[in-house]
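# A look at the structure
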Amino acid sequence: MNYRLPLHIKPSIYKIRLRPNFSDFTFTGEEIITISVLEETKDIILHSADLTITKAVLEDTTGKHTATISFDKEQEHVIFTFPQKISVGEKELHIEFNGILSDRMRGFYRSKYYVEGEEFYLATSQLEETDARRVFPSFDEPSHKAVFEITLEIPKDHQAISNTIPVEIIEEEEIQIVRFSPTPKMSTYLVALIVGRFDVLEKKTKDDVLVRVFVTPGKKHQAEFALEVGVKMLEFYTDYFGIAYPLPVLDLIAVADFDAGAMENWGAITFRETALLIDPEHSASVNRERVAIVIAHELAHMWFGNLVTMEWWTYLWLNEGFAAYMEYLATDAVFPEWKMWEQFIAVDHNSALGLDGLKNTHAIEIDIHHPREITEIFDAVSYAKGASVIHMLATYLGADIFRKGLQLYLNKHAYGNATSEDLWNAFSKVSGQDIASLMNGWTRQPGYPVIAATKKENKLTLSQKRFFASRLSREEEKEKPLWQIPLVNSMNGTLDEFILQKEQETFDSKADWIKLNTQEAAFVRVSYDEKMIEALQKALSEGKLSTIDRLGIIRDIFDLAFAQEASITTALDMAKSYDTETEYVVWLELVGQLDKLYGLIGEDIKLQETLARYARELLSKIALRVSWEPQKGESHNASLLRMVILSQLGKFGDKKTITTAQEYFAKFFADKTPINPEIRGIVYTIVARNGGQKEFDTFVAMYRKEDLHQEKDRIAKALTSFTSPQIISQVLEWTISEDVRLQDCSRFIAVLFLSPGARAATWEFIKSHWVTLEKQLRGTHGLGRLIDLAGEMTSEKQAQDVEAFFKKHPTPQLTRSIQQVIESILQRSDFLSSQRKHIDSYFS
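Report on the accompanying structure. As the structure is a computational prediction, the values presented were derived from the model and not from experiment.

Helix and strand counts for the chain stand at 26 helices and 29 strands. Radius of gyration (C-alpha) of the chain: 28 Å, near the 28 Å computed for a compact globule of 844 residues. When its C-alpha atoms are laid out on the principal axes, the chain stretches across 85 × 70 × 60 Å. For the chain, the residues scored as buried account for 60% of the 844 residues in total. Long-range pairs, those at least 24 residues apart, make up 70% of the contacts in the chain with a sequence separation of at least 6.

To continue, consider the pattern of salt bridges. Throughout the structure, instances matching the rule amount to 59 salt bridges. Residue aspartate 259 pairs with arginine 785 through a salt bridge whose shortest N-O separation is 3.1 Å. Placement of the pair is aspartate 259 in the loop between strand E18 (249-255) and strand E19 (262-263) and arginine 785 in helix H24 (residues 782-788), with a sequence separation of 526 residues. Arginine 785 gets classed as partly exposed once you look at its relative accessible area, which sits at 25%. Connected through shared salt-bridge partners, Asp50, Glu76, Arg106, Asp131, Arg133, Arg134 and Asp140 make up one network.

For the structure shown, the criterion picks out 56 aromatic pairs. Plain terms: the ring middles of phenylalanine 304 and tyrosine 409 are 5.8 Å apart, the flat faces sit at 15° to each other, and that makes the pair stacked. Here the residue phenylalanine 304 occupies a position in the loop between helix H2 (285-301) and strand E21 (308-310), and tyrosine 409 occupies one in helix H6 (residues 399-412), the gap between them amounting to 105 residues. Each member of the pair phenylalanine 304 and tyrosine 409 is classed as buried. Among the aromatic residues, ring-to-ring pairing joins Phe236, Tyr237, Tyr240, Phe241, Tyr245, Trp303, Phe304, Trp317, Phe322, Tyr409 and Trp424 into one connected group.

Here helix H11 (residues 547-562) contains 16 residues, and its C-alpha end-to-end distance of 23 Å stays within 8% of the 22 Å for a straight helix at 1.5 Å per residue. Of all 16 residues making up H11, 16 are buried, and the element is well covered by its neighbours. At the exit of H11 stands glutamine 564, carrying a positive phi of roughly 60°.

Let us look at the packing of helix H5 (residues 381-397) against helix H8 (residues 435-444). The description of two packed helices rests on the angle between their axes and on the distance between the axes. In contact at an axis separation of 11 Å, H5 and H8 are set at 150° when each is read in the N-to-C sense. By the criterion of interaxial angle, the relationship of H5 to H8 is roughly antiparallel. When the axes of H5 and H8 are compared, the crossing they make is right-handed. Contacts between H5 and H8 involve Lys385, Val389, Met392, Leu393, Tyr396 and Leu397 from the first element and Ile435, Leu438, Met439 and Trp442 from the second.

A cis geometry characterises the amide bond from glutamate 128 onward to glutamate 129, with omega recorded as 10°. Residue position: glutamate 129 is located in the loop between strand E10 (118-126) and strand E11 (147-155). Notably, aspartate 50 is not glycine yet its phi reads approximately 60°, a positive angle. You can see aspartate 50 is positioned in the loop between strand E3 (41-47) and strand E4 (52-60). Aspartate 50 gets classed as exposed once you look at its relative accessible area, which sits at 59%.

At a closest axis distance of 14 Å, the pairing of helix H16 (residues 655-671) and helix H18 (residues 693-705) adopts a crossing angle of 60°. The angle between the axes of H16 and H18 places the two elements in the oblique class. For H16 against H18, the interelement crossing comes out left-handed. Residues Phe665, Phe668 and Phe669 of H16 form the contact with H18, whose own contacting residues are Thr698, Phe699 and Met702. Looking at the contact of H16 with H18 residue by residue, the class counts come to 5 nonpolar, 1 polar and no charged.

What the 3 strands build is an open sheet, ordered E26-E25-E28; its pairing is antiparallel. Both outer strands of the open sheet, strand E26 (494-500) and strand E28 (514-515), are each paired with one neighbouring strand and no more. Strand direction decides the pairing type here: strand E25 (residues 485-491) and E28, joined by 2 bridges, are antiparallel. Pairing of serine 490 across the sheet is with lysine 515, part of E28.

This brings us to the nonpolar core. Counting residues in hydrophobic clusters, the biggest one holds 295 residues, and the most contacted among them are Phe80 and Phe699. Excluding its chain neighbours within four sequence positions, the residues that come into contact with phenylalanine 80 are Lys42, Asp43, Ile44, Leu46, Ile53, Ala56, Ala67, Thr68, Ile69, Leu93 and Ile95.

If you walk across this open sheet you meet the 5 strands as E16-E17-E18-E20-E19, and the pairing is mixed. At either end of the open sheet lies a strand with only one pairing partner, and these are strand E16 (199-204) and E19. By the bridge criterion, 5 bridges tie strand E17 (residues 210-215) to E18 in an arrangement that is parallel. By the bridge assignment for E18, valine 213 is matched with leucine 252. Lying over the sheet, helix H1 (residues 224-241) contacts E16, E17 and E18, oriented at roughly 30° with respect to E16.

Take the side chain of threonine 361 next. Here threonine 361 is to be found in the loop between helix H4 (340-356) and H5. Here the side chain of threonine 361 touches aspartate 356 through a polar contact of 2.7 Å, side chain to side chain. Contact partners of threonine 361, with chain neighbours within four places excluded, come to Leu355, Asp356, Val381, Pro446, Gly447, Arg466, Arg816 and Gln820.

This paragraph deals with the pairing of strand E5 (residues 63-66). Across 4 bridges, E4 lies against E5 in antiparallel orientation. Looking at E5, one finds that aspartate 60 is bridged to glycine 63. Joining the antiparallel neighbours E4 and E5 is a turn of 2 residues.

What follows covers helix H3 (residues 316-334). Between its first and last C-alpha atoms H3 spans 27 Å; for 19 residues at 1.5 Å apiece the expected length is 27 Å, and the two agree. Of all 19 residues in H3, 17 are buried; the element is thus mostly enclosed.

With that out of the way, let us pick up the environment of threonine 815. Positionally, threonine 815 belongs in helix H26 (residues 815-843). Within the local environment of threonine 815, its side chain forms a polar contact with the backbone oxygen of proline 812, the two atoms lying 3.0 Å apart.

Looking at the secondary structure, you find lysine 156 in the loop between E11 and strand E12 (159-162). A C-alpha to C-alpha distance of 70 Å links lysine 156 and phenylalanine 843, two positions 687 residues apart in sequence. Sequence-distant contacts of lysine 156, defined by excluding residues within four places in its chain, comprise Glu171, Glu172, Glu173, Glu174, Ile175 and Gln176. In this structure the side chain of lysine 156 is engaged in a polar contact, spanning 2.8 Å, whose partner is the backbone oxygen of glutamate 172.

The next thing to look at is the side chain of arginine 133. Examined against the element boundaries, arginine 133 turns out to sit in the loop between E10 and E11. Arginine 133 gets classed as buried once you look at its relative accessible area, which sits at 2%. Apart from residues no more than four positions distant in its own chain, arginine 133 is found in contact with His47, Ser48, Ala49, Leu51, Gln75, Glu76, Ser138, Asp140 and Pro371.

Glancing now at the pairing of E26. Strand direction decides the pairing type here: E25 and E26, joined by 7 bridges, are antiparallel. Bridged to asparagine 489 within E26 is aspartate 496. Linking two consecutive strands that pair antiparallel, namely E25 and E26, is a turn of 2 residues; a positive phi of about 55° is found at asparagine 492 within it.

What follows deals with the environment of alanine 561. Mapped onto the fold, alanine 561 is located in helix H11. Separated by 103 residues in sequence, alanine 561 and asparagine 458 place their C-alpha atoms 27 Å apart.

Procedures and definitions
Think of each chain on its own: its residues are numbered from 1, step by step along the sequence as written. Given that this is a predicted model, residues contribute local features only at a pLDDT of at least 70 and side-chain atom pairs are listed and counted only at 80 or more, while totals for whole chains, interfaces and linings are drawn from all residues. As a rule here, side-chain values come from all non-hydrogen atoms in the structure, and water together with hydrogens is ignored. Per the convention used, a helix needs a DSSP run of H or I reaching at least four residues, while a strand needs a run of E reaching at least two, with both numbered from the N terminus. Throughout, the radius of gyration refers to the C-alpha atoms, and the reference size of a globule is 2.2 Å times the residue count to the power 0.38. Partly exposed describes any residue whose relative accessible area lies between the buried limit of under 20% and the exposed limit of over 50%, with all areas from a 1.4 Å probe on protein chains only and scaled to the type maximum. Should any heavy atoms of two residues lie within 4.5 Å, those residues are considered in contact. The term salt bridge refers to a side-chain nitrogen of Lys or Arg lying within 4 Å of a carboxyl oxygen of Asp or Glu. Pairing of aromatic side chains requires ring centres within 6.5 Å, counting the rings of Phe and Tyr and the six-membered ring of Trp. Pairs whose planes differ by under 30 degrees are stacked, by over 60 edge-to-face, and all others tilted. For a helix, the expected span equals 1.5 Å multiplied by the residue count minus one. Axes, fitted as lines to C-alpha atoms, cover a helix only where it is in contact. Angles between the N-to-C directions of the axes lie from 0 to 180 degrees. By the definition adopted for this analysis, an angle is roughly parallel if under 35 degrees, roughly antiparallel if over 145, roughly perpendicular if from 65 to 115, and oblique otherwise. Handedness of a crossing is defined here by the sense of rotation of the near helix relative to the far one, left-handed for an anticlockwise turn of less than a right angle and right-handed for a clockwise turn. Throughout, the ten residues Ala, Val, Leu, Ile, Met, Phe, Trp, Tyr, Cys and Pro are labelled nonpolar, Asp, Glu, Lys and Arg are labelled charged, and all others, Gly among them, are labelled polar. At least two bridges found by DSSP between two strands is the condition for calling them paired. Nonpolar cores were defined as sets of buried Ala, Val, Leu, Ile, Met, Phe, Trp, Tyr and Cys residues, with membership established by side-chain atoms within 4.5 Å. In protein, a polar contact requires one atom able to donate a hydrogen and another able to accept it; more generally it is a pair of N or O atoms within 3.5 Å, and residues adjacent in sequence count only if both atoms are side-chain atoms.

Right under this line is the structure:
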């Protein structure tokens, strides 16, 4: 079915007036939509969901015409039918309606917060992807752009925030009426509506744009870092894009209950508290980095997404892929010492390779029909793969041409909508190359290539085929897709560039060692023959490979082994070559791979203990370089390295690390000695993993008492780290208790799948509570988060159980996610059945 609205009616202006009621959590509203009717019709169709519409009147030069109102719930349409045909021309549609301020984190909803123990509420909006229709009847599609004139009637002791600044405030007995200036022409999902009591911190950019950070009362001191970052990022983007930010104000608003990390409403960005607030005494380096990254991502949307918007959700990646790329560019500009491009490869690039290695992935550009399909593509393909192919293109074109292409694209399509083809046309024009031919294979077909490299004498042969994380999926595949792969390769340290277009090509090469895909710029994996691996090991030992290249080599050899395209014992041998490694991102990759193997063999306690001993030995040299307490003047990445190394030493059973963590925790309770925030999360998690009922009760009490959401997340991570079956049962019940906000419960449940001893219990818990969980999380990203990590289970029987359960409980929003979970479980089961003996033999 076609769920798109007809094109013969176009909106141009919405005048919306809303009155939230904090006594019964409802709202009433009225709107006047100026529309252009392009052909005669008796019906006007808009989107509407969860609203009661009491009146609809069309006004034009012939008078006022009252509509008969009907609904199509399946398509979320409201149909206004008029007695006579409506003529062509401009009209005004007057609508009166009311709705609910729900607690479901979508539409216009309520969020609960506390000040000195007293409970308060604010109202806020989350309209992406298709929830504007839950707040006001609308043409709720990205291409139906219009100007919005918002008026909010609110209690006198509250503040109102919307996309623009107030131009009039009328005070009456108990309320104030706040009227905002008209917005730029924009899509419905970007409308912002926030009403509450706030403290505010503000500062102007060099271009005189007012940047404000809004927080609930008592948290003003936590807004300082976000304000400084927000100002610097806005100045960076204004300069980089060469296009002025088109509004006089940029507001950043912290909300206690929030489904995603943040939402890019034009001029009024809403955030989870953990993604915006930094407490000077209790936040760690990793928290500061996350806040900076999220702010950079959302500010990029002011241009990519808001100024130029995707034509339809098929092109979501034009919003999210670019924001995911630009967040690294901007953060690197503001914090160059953080080495953000190394982290890009270690985090986003790797997560995209992981998801897109499944048969049940999807192309970056994917046809979207029903609105329920949209939520599923807010994933690592749209975000991280989108960012990775942009990174590949930027490397290929060079920084200057890439920037010129972006500026051309943004200027040409400002205040309008665009497709991928529009972007390629801009890059083609500035580069003089056929960029569409180069890039369409990366955006229009699923998956990515693995390049097999073999070298005999002075001949290097490269061949490409689609990579599959699962041997079972690989054997089922019949198609042989090809990509145009822009490669930069290091031959004995000398760079060589070309585009690999054919299934197989042979080149002359006298190099002793070859590192293909230098700096991991192309979105590919590389499989080397045995002699090439030996040569790379020698180059590695001689310090000839960059940080990112070292990361890429060990990542690919392990992931190829898990896909059964390489030997797992070769990967474990290669890992030993890294025992003198000192860089954070390389260790993040190394321990991540060992952690994956540790989780895979989790039910074999003896084998797991042997692997843990191997891991402790591998970590022994870097452990001597890492101190528990931060050193004066240490780098940002030194803080992140400490977190990775100590956490993994604790997980792999290092007695000294465990004892030290327990001593810190005991001292904290004995004499209130504060634990440095840089190590606090490590201490909590290690104590919990080695603790029992007493520690569980302690952490629950700490969680209830704590108000800082970053600290609550640390405690929650500890609570999900217990290993006792009895405690795991209590943890699962705790996740759905009143202690835990709806925004967090699915994440806390899902992370238990990472613990081998908790997987079966977690899946049984989800099944037994599915009806309630599905109802509470329906329409949010939390529903997908609930089962995404179920792919960590390892038996064919569990895969069959997942499939059978969702046949009985069909959940259209999760169709692809369920297929991915089943594929991942079967891949892990197949790997274990065929490789366990090799792993056992290796350690024996």
